[in-house]
Amino acid sequence: MASQSPFSFLNGLVERAAQAVQPPGWFVHETQQRIVLFLNHVLMQEREAMERLVRQKGRVARVQWRNFDMALVITPAGLLNLAAEGAQPDLQLEIMDSNPLALAQLALRGDKPSLRIEGDVQLAADINWLVDNVEWDVEEDLARIVGDVPAHTIASMGRTVAGAVRQFVGGRKSASDTDRLQP
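Just so it is clear, the structure is predicted and the values come from calculations on it, not from any experiment.

About the cut-offs
- Residues numbered from 1 in each chain as written.
- Predicted model: local features only at pLDDT ≥ 70, side-chain atom pairs only at ≥ 80, totals over all residues.
- Heavy atoms only, no water.
- Helix = DSSP H or I, 4+ residues; strand = E, 2+ residues; numbered from the N terminus.
- Buried < 20%, exposed > 50% of the residue type's maximum accessible area, 1.4 Å probe, protein only.
- Contact = heavy atoms within 4.5 Å.
- Areas by Shrake-Rupley, 256 points an atom, 1.4 Å probe, with all protein chains shown as cover.
- Polar contact = N/O pair within 3.5 Å; in protein donor to acceptor, adjacent residues only side chain to side chain.
- Core = buried A, V, L, I, M, F, W, Y, C linked by side-chain atoms within 4.5 Å.

Student: Any chance you could break down the overall build of the chain for me, citing the residues and the numbers?
Tutor: Counting its secondary structure elements, the chain contains seven helices and five strands. Mapped from its N terminus to its C terminus, the chain presents α and β elements in the order α-α-α-β-β-β-β-α-β-α-α-α. Of all 183 residues assigned to the chain, the portion counted as buried reaches 25%. Long-range contacts, defined here as pairs at least 24 residues apart, represent 63% of the contacts in the chain between residues at least 6 apart. A total of about 12,200 Å² of accessible surface is found on the chain, and carbon and sulfur atoms cover 60% of it.

Written out as structure tokens, the structure reads:
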């Protein structure tokens, strides 16, 4: 017997809310600027990542999910910036999973969402390398604010919680799969 998640009603609710709520343009732009700042902060911690991007300077990659999209241009410094309005992308990445909760579950399990990729193969390979190899060192950033020992303690607790959530999400998936397979 297939069991239904007690939170399944959230799937439809989130879907309807995402369709009904369209944020104003200024909010989208400011959010995109913050995302670019964060991505550049992470990239600056990894010299090899910046070196890979320098070879792709001037190239534009557009990421799209549902009706949200963001075009990024690679700067000569090997960082990212928002591309000019109407810039022709060299690479188009479209996230095919439309359900935000399903995407969150994929992220918690450490899986990548399904993508439709069109455009420059080398740029796609470099971006894939970045996704696979560049990680945000949260503990290092936290240590700058609160010191090394508290940062290590907070990061350890965060890893424990993240591991428990991953185990819960992974366990729920396998249990529901097992339920579907039984007569």
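Student: Break down the environment of Arg62 for me, citing the residues and quoting the values.
Tutor: Inspection of the secondary structure assignment puts Arg62 in strand 1 (residues 60-65). Residue Arg62 is classed as buried on the basis of its relative accessible area of 16%. One polar contact links the side chain of Arg62 to the main-chain carbonyl oxygen of Ala87, over a distance of 3.3 Å.

Student: Describe the nonpolar core, naming the residues involved and giving the relevant values.
Tutor: Grouped together as the largest cluster of nonpolar side chains are 20 residues, with contacts concentrated most on Leu43 and Leu130. Counting only elements with at least two residues in this core, the list comes to helix 2 (25-44), helix 3 (47-54), strand 2 (68-74), strand 3 (80-82), strand 4 (91-95) and helix 5 (121-133). With four residues, the single largest contributor to this core is helix 5. Not counting residues within four places of it along the chain, the set of residues in contact with Leu43 comprises Ala49, Met50, Leu53, Gly78, Leu79, Leu80 and Leu130.

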